[in-house]
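# Structural features, examined
One-letter residues, chain by chain:
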Amino acid sequence: MGQGLILVHSKYGAAQKYAGWLKEKTGFPVLEAKQAGREQLAQPDTIILMGGVYASGIGGMGVLRKHWELLDGKKLAVFAVGASPYEEGNLTLLKQRNLRPPMEQVPCFYGRGIWDLQVMSLVDRTMCKLLQKSVAKKPEGECQSWELALRQAGENRADWTHPDYLQPVLEWLEKN
Ligand SMILES: Cc1cc2nc3c(=O)[nH]c(=O)nc-3n(C[C@H](O)[C@H](O)[C@H](O)COP(=O)(O)O)c2cc1C
């Protein structure tokens, strides 16, 4: 597999968990995305950014944008971790929002994360509760799958992480 690096941006632990599982499978070291500078990014030929999704933005993308001239030509992928269930349509939107040119060719994978209002920062909790309130007003039949998931989670902690979500990443690593 060559020399690789896993970058992680995780506020509430789910992307960190996936990074740990991927490390176990590949032996690649894990580095906080915000600690990654030119020195750390120049060497590896494979880099996977694993970042939580917050208000449709994938955490850690700034590092890829900032150092794009170093990364262009490397084997690079993004693994987004969100509360929404996996859906092609959601993933396409996520890609459009986060992988703008010149990054549009970077493969983007997805794994479900953790939803826990109790551990969120005040700002995040307030934002997420507002979102849940607006979703609760919608008739159930009109809700999309991510809206249903938020309704069902309510005040409870939900951990949807599963190592199976890494399978497409492992296949991509072997193929390329
Ligand atoms: C402020 C905030 C906004 C969020 N927005 C989204 C979102 O747009 N789409 C989504 O699928 N999940 C969203 N989530 C859920 C997170 O993606 C989920 O908690 C994930 O586990 C975050 O990764 P982390 O645990 O590594 O921090 C949001 C969570 C927070 C706290």
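Residues numbered from 1 in each chain as written. Predicted model: local features only at pLDDT ≥ 70, side-chain atom pairs only at ≥ 80, totals over all residues.

### Description of the site of the ligand
- Lining the immediate environment of the ligand, one finds 24 residues, of which Ser10, Ala14, Gly52, Gly82 and Gly113 sit closest.
- Of all the secondary structure elements, the ones that give two or more residues to the shell around the ligand are helix H1 (14-26), strand S3 (46-54), strand S5 (75-82), strand S7 (114-115) and helix H6 (122-136).
- In terms of residue class, the shell around the ligand is made up of 14 nonpolar, eight polar and two charged.
- Shared between two domains, the shell around the ligand holds at least three residues of each, these being domain 1 (4-116 + 158-175) and domain 2 (117-156). (Near = placed C-beta within 6 Å. Helix = DSSP H or I, 4+ residues; strand = E, 2+ residues; numbered from the N terminus. Nonpolar A, V, L, I, M, F, W, Y, C, P; charged D, E, K, R; others polar. Domains from an automatic or database assignment.)

### Re the domain arrangement of the chain
- The domains assigned to the chain are domain 1 (4-116 + 158-175) and domain 2 (117-156).
- For domain 1 and domain 2, the distance between their C-alpha centres works out to 24 Å.
- Across the contact, nine residues belong to domain 1 and 10 residues belong to domain 2.
- Broken down by class, the residue content of the side of domain 1 that touches domain 2 amounts to five nonpolar, two polar and two charged. (Contact = placed C-beta atoms within 7 Å.)

### Some details on the pairing of strand S1 (residues 4-9)
- Bridge analysis of S1 against S3 gives six bridges, and the strand direction is parallel. Residue pairing in the sheet places leucine 7 in a bridge with leucine 49 of S3.
- Pairing of S1 with strand S2 (residues 30-32) involves three bridges; the strand directions are parallel. Along S2, the bridge assignment pairs leucine 7 with leucine 31. (Pairing = 2+ DSSP bridges.)

### A word on the nonpolar core
- Counting 33 residues, the largest nonpolar core has Leu7, Tyr18, Leu49, Met50 and Phe79 as its most contacted members.
- Breaking this core down by element, the ones donating at least two residues are S1, H1, S3, helix H3 (61-66), S5, strand S6 (108-112), S7 and helix H8 (167-175).
- Among residues more than four places away in sequence, those in contact with leucine 7 are Leu31, Ala33, Ala36, Ile47, Leu49, Met50, Gly60 and Val63. (Core = buried A, V, L, I, M, F, W, Y, C linked by C-beta atoms within 7 Å. Buried ≥ 20, exposed ≤ 12 C-beta atoms within 10 Å, placed from the backbone.)

### Looking at the environment of isoleucine 48
- With respect to the secondary-structure elements, isoleucine 48 resides in strand S3.
- On the basis of neighbour counts, which here come to 27 C-beta atoms within 10 Å, the residue isoleucine 48 falls in the buried class.
- For isoleucine 48, the contacting residues outside a window of four places in its chain are Ile6, Leu22, Ala77, Phe79 and Val169.

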